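Structure at a glance
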Amino acid sequence: MKIERTPWGWKVLAPAKVNLSLCLKGRREDGYHELETVMLALRFYDELQLELADDSVLELTVSGAENVPNDDRNLVVRALQALRAAMGCSRGARVRLTKRIPSQAGLGGGSSDAAAALVAGNRLWSLGLSPAQLSTIAATLGSDVAFFLPVDPRYGARAAVCTGRGERVAPFPPGRSLPIVVVKPAVGLPTSAVYANYSAANNVQFVPTPAKSAEIAQVLCRGLLNSLGALMRNDLQGPALALCPELAEVKAGFDRLPVVAHQLSGSGSAYFAVCRSLLQAQQVAKLARKRRWGESWAMLSC
Ligand code: C5P
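A brief report on the enclosed structure follows.

Here the focus is the nonpolar core. Core analysis: the biggest nonpolar cluster contains 45 residues, and L48, V76, L80, L83, L118, L141 and F147 have the highest contact counts within it. If you list the elements that add at least two residues to this core, you get strand 2 (9-27), strand 3 (33-53), helix 1 (75-87), strand 5 (92-98), helix 2 (109-124), helix 3 (131-141) and strand 6 (159-163). Among the elements that line this core, the one with the most residues is helix 2, at 8 residues. In this structure, L40, A217, V260 and V274 belong to the second largest nonpolar core, which totals 31 residues.

Below is the structure:
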């Protein structure tokens, strides 16, 4: 996350993420799944601009995407409402959200927007909430939101091992930025549907395999990527492929390319590869468009 003051308020760049691993450990009493995941933030951003409103209005204008709600179905509005409820205040804000990160993609766009709204709202209204307090509110908004909160007031999250239902965040500094290509098929996948499909397939016998988060963190910290392919994994990939058959073609296509490693991000439907260079990522993005796998982008991780 990058935040800067503007003459009117605050501007925030809210990054996307991919999951280098996502290992499910069991279903919880509350219906969520206990998991362990390694998240990596990307230099691929939505933009939020917040300014003070004279009254208590919360107004959201969305551009850059169709079908993104501008009412309290949007996590940005819910984040600002949650801030006001926590502090018992009724101050207002006008928010402009420019979407670039696709929805229903497993790239954390909505969660990142929510984290950006929490951080910017805290400053806009001079609430003085601590990072720990913001983290607690973040967890009520969604499992991924806390990952996107800045670890240090000057820097946003870059990489972390997340546990619990995803809200317990242990950040680590990646040694280098990774070249990444992301492909998003036209069909999106609702997170809850992919988890439900996973549960249906694993109801009888649930045998979690150990997550390799520490090994992945070590590989990233040292910048040695060759063993990454053997460590990456996403337990939601099978259930997502069953719901979105187009992904099978994308996966098969990546199998034939000399990238470092590739898999589904989060609950999909975005699929990504760690590439050998930014140039390779750009070439693969072009190829993906030519083969009509979906929209595609090349970028570096944060
Ligand atoms: O927390 P969030 O609102 O992002 O989760 C969306 C849905 O994904 C949940 O309602 C739940 O069905 C599923 N989920 C889960 N276990 C997690 C995270 C999400 O089952 N750890």
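Picking up after the structure, the text goes on.
Here we come to a positive patch on the surface. Together, R256, K286, R289, K290 and R291 make up a region of like positive charge exposed at the surface. The topology assignment puts K290 in helix 9 (residues 278-290).

Glancing now at unusual backbone geometry. S269 follows G268 through a cis peptide bond whose omega is 10 degrees. Of note, S269 is situated in the loop between strand 10 (261-264) and strand 11 (271-274). The backbone of S126 shows a phi angle near 50 degrees, a positive value even though the residue is not glycine. Here S126 is to be found in the loop between helix 2 and helix 3. Located in the positive-phi region is R292, a residue other than glycine, with phi close to 55 degrees. Within the secondary structure, R292 sits in the loop between helix 9 and strand 12 (295-300). Among the residues examined, R292 registers a relative accessible area of 75% and is labelled exposed.

Looking now at empty space enclosed by the protein. Under the defined criterion, the tally for this structure stands at 1 cavity of 30 Å³ or more. As a volume, the largest cavity reaches approximately 30 Å³. Taken together, T6, W8, W10, Q49, L50, E51 and R96 make up the full set of residues lining the largest cavity. Per element, the largest residue contribution to the lining of the largest cavity is 3 residues, and it comes from strand 3.

In this structure, the largest pocket spans a volume of roughly 1200 Å³. Forming the walls of the largest pocket are 47 residues, and the residues nearest its centre are L75, S111, D144, T191 and S267. Counting only elements with at least two residues in the lining of the largest pocket, the list comes to strand 2, strand 3, helix 1, helix 2, helix 3 and helix 4 (191-201). For the lining of the largest pocket, a count of residues per class yields 18 nonpolar, 21 polar and 8 charged. What the second largest pocket holds in volume is close to 330 Å³. If you go around the second largest pocket, you meet 18 residues; those closest to its centre are A65, P102, S103, K184 and E295. The residue inventory of the lining of the second largest pocket, partitioned by class, reads 7 nonpolar, 6 polar and 5 charged. Residue assignment places the lining of the second largest pocket across two domains, with domain 1 (2-172) and domain 2 (179-300) each supplying three or more.

Around the ligand, the neighbouring residues are G31, Y32, H33, L35, G142, S143, R165, T191, S192 and Y195. Between the ligand and H33 there is a distance of 2.8 Å, counted from an oxygen atom to a side-chain nitrogen or oxygen. R165 is positioned with one of its backbone polar atoms (N or O) 3.0 Å from a nitrogen atom of the ligand. At a threshold of 2 Å from the grid points, most atoms of the ligand map onto the largest pocket. Within the residue set of the shell around the ligand, elements represented by two or more residues are strand 3 and helix 4.

What counts, and at which threshold
Residues numbered from 1 in each chain as written. Predicted model: local features only at pLDDT ≥ 70, side-chain atom pairs only at ≥ 80, totals over all residues. Heavy atoms only, no water. Core = buried A, V, L, I, M, F, W, Y, C linked by side-chain atoms within 4.5 Å. Buried < 20%, exposed > 50% of the residue type's maximum accessible area, 1.4 Å probe, protein only. Helix = DSSP H or I, 4+ residues; strand = E, 2+ residues; numbered from the N terminus. Patch = residues over 30% accessible without salt bridge, like charges linked within 9 Å, V, L, I, M, F, W, Y side chains within 5 Å. Areas by Shrake-Rupley, 256 points an atom, 1.4 Å probe, with all protein chains shown as cover. Salt bridge = Lys/Arg side-chain N within 4 Å of Asp/Glu carboxyl O. Lys, Arg positive; Asp, Glu negative; His and termini not counted. Charge placed at Lys NZ, Arg CZ, Asp CG, Glu CD. 1 Å grid on protein atoms, 1.4 Å probe; cavity = no way out; pocket = protein on both sides within 12 Å on 5 of 7 lines; lining within 4 Å. Points joined across faces, edges and corners; volume = space filled by probe spheres on them. Nonpolar A, V, L, I, M, F, W, Y, C, P; charged D, E, K, R; others polar. Domains from an automatic or database assignment. Near = heavy atom within 4 Å. Polar contact = N/O pair within 3.5 Å; in protein donor to acceptor, adjacent residues only side chain to side chain. Sits in = over half its atoms within 2 Å of the grid points.

By themselves, these figures tell us nothing about what the structure is for.
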